[in-house]
Protein chains: 2
Amino acid sequence: MMETTGTRTDTCAGPPRADRRPDGQDSYTISEVAAFTGLTAHTLRWYERIGLMPHIDRSHTGQRRYSNRDLDWLDLVGKLRLTGMPVADMVRYAELVREGDHTYGERYELLEQTRRDVLSRIAELQDTLAVLDRKIAFYGDAGHALASERPR
Amino acid sequence: MMETTGTRTDTCAGPPRADRRPDGQDSYTISEVAAFTGLTAHTLRWYERIGLMPHIDRSHTGQRRYSNRDLDWLDLVGKLRLTGMPVADMVRYAELVREGDHTYGERYELLEQTRRDVLSRIAELQDTLAVLDRKIAFYGDAGHALASERPR
DNA sequence: CGCTTGCTTGGAGCGCACTCCAAGGCCATA
DNA sequence: TATGGCCTTGGAGTGCGCTCCAAGCAAGCG
């Protein structure tokens, strides 16, 4: 049972923390990587199954041994995940990298498109922020008398 | 069959468009509201079922007739949705509004928390943007020689 | 009158991104 | 040697946010 970290010090499952690698080594177990990335070991194995990860080295007993390069890749995946990019698209990107140098153009396109998406997402959020600020100001002062909500 | 808009002019299902109400009336059918908000009629009915909407007026034949206030509420819901707020939390907010004036404090808290979430979300995205920009620059010039990706 | 269009309902189904389970292997410490 | 901890696998299950289905009713038109 309990295949989770073993290095947990916080009770309430903080998401990504416990980062930074000991950086003298280049070989990590799955639970170490789980601790570094905030992903679960389940998720790491799942990423591999769906083709989002490169072939990970194995110890003589068949256990996964992640390299620093693998962790770098996971960092990028984490960032892309934050943009809301679907996992399928990340898998596509991974495939392009695997396929070699002739896919540079396509990869560039994909990153550029993602960049555009992130920019418009930020704009959306700033828009929403403005709405939120107006509503909060409303609550702050005239609120009680004026706020016109809908439900009831 | 085909209970969709009837006012579609674009082929490829653009997300939110066709906004702005005719603003002389105060009573809209479900498919009009679908066209205004970009939500489907299914989703509108579902929102009602789960308690995210107020009780919507009905015509003498039992069909929904949305008011401008209802559309205002849907606009707010749309914004909150963009922040990634879970539907359950929006339902909670709707409940607070329904419960009356004594929930002002709690509502304020909820909006403030959401505001904080949006701010940190924006920061995250800007962070990601920086990573993306570096990677794109990489691809732009030295890319071919230097880019160190992971998969293979 | 019959047909079409748009609406109604409760409940089932779907896609995504995990999340977990059962059954078993390896190895270190007591 | 036995116990516990961490690892392995394929496949099943979960939660969220829709999305759709079947059956049926009411209004408008030829």
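Here the structure is a predicted model, which is why all the values come from computation and not from measurement.

J.: Honestly, helix H1 (residues 30-37) of chain B in this entry has me stumped. Any pointers?
T.: The α-helix winds at 3.6 residues per turn, so residues separated by three or four positions along the chain end up facing the same way. Residue and element names in this part refer to chain B. Most of H1 is tucked away: six of the eight residues are buried. Residues Ile30, Val33, Ala34, Ala35, Phe36 and Thr37 constitute the buried set of H1. On its buried face, H1 sits against helix H2 (41-49), strand S2 (64-65) and helix H3 (68-82). Looking one or two residues beyond H1, the residue adopting positive phi is glycine 38, at roughly 85°.

J.: What is the right way to read the interface of chain B and chain A from this model?
T.: Note on interface size: it is often stated as the accessible area lost on association of the parts. On the chain A side, the residues contacting the 47 residues of chain B number 47 residues. The contact between chain B and chain A buries some 4,800 Å² in all, and 69% of this surface belongs to carbon and sulfur atoms. For the interface between chain B and chain A, the tally reads four salt bridges. One salt bridge connects A:Asp133 with B:Arg115, and the closest N-O pair in it is separated by 2.6 Å. Our count for the chain B to chain A interface comes out at ten residue pairs in polar contact (both at pLDDT 80 or more). At the level of secondary structure, the elements contributing two or more residues to the side of chain B that touches chain A comprise H3, helix H4 (87-99), helix H5 (104-140) and helix H6 (143-146) of chain B. No other element matches the 24 residues that H5(B) contributes to the side of chain B that touches chain A. Residues that form the side of chain B that touches chain A fall into these classes: 22 nonpolar, ten polar and 15 charged.

Conventions we followed
Residues numbered from 1 in each chain as written. Chains lettered and ligands numbered in written order. Predicted model: local features only at pLDDT ≥ 70, side-chain atom pairs only at ≥ 80, totals over all residues. Heavy atoms only, no water. Buried < 20%, exposed > 50% of the residue type's maximum accessible area, 1.4 Å probe, protein only. Helix = DSSP H or I, 4+ residues; strand = E, 2+ residues; numbered from the N terminus. Contact = heavy atoms within 4.5 Å. Buried area = accessible area lost by both parts, 1.4 Å probe. Salt bridge = Lys/Arg side-chain N within 4 Å of Asp/Glu carboxyl O. Polar contact = N/O pair within 3.5 Å; in protein donor to acceptor, adjacent residues only side chain to side chain. Nonpolar A, V, L, I, M, F, W, Y, C, P; charged D, E, K, R; others polar.

None of the figures reported here should be taken as evidence of function without further support.
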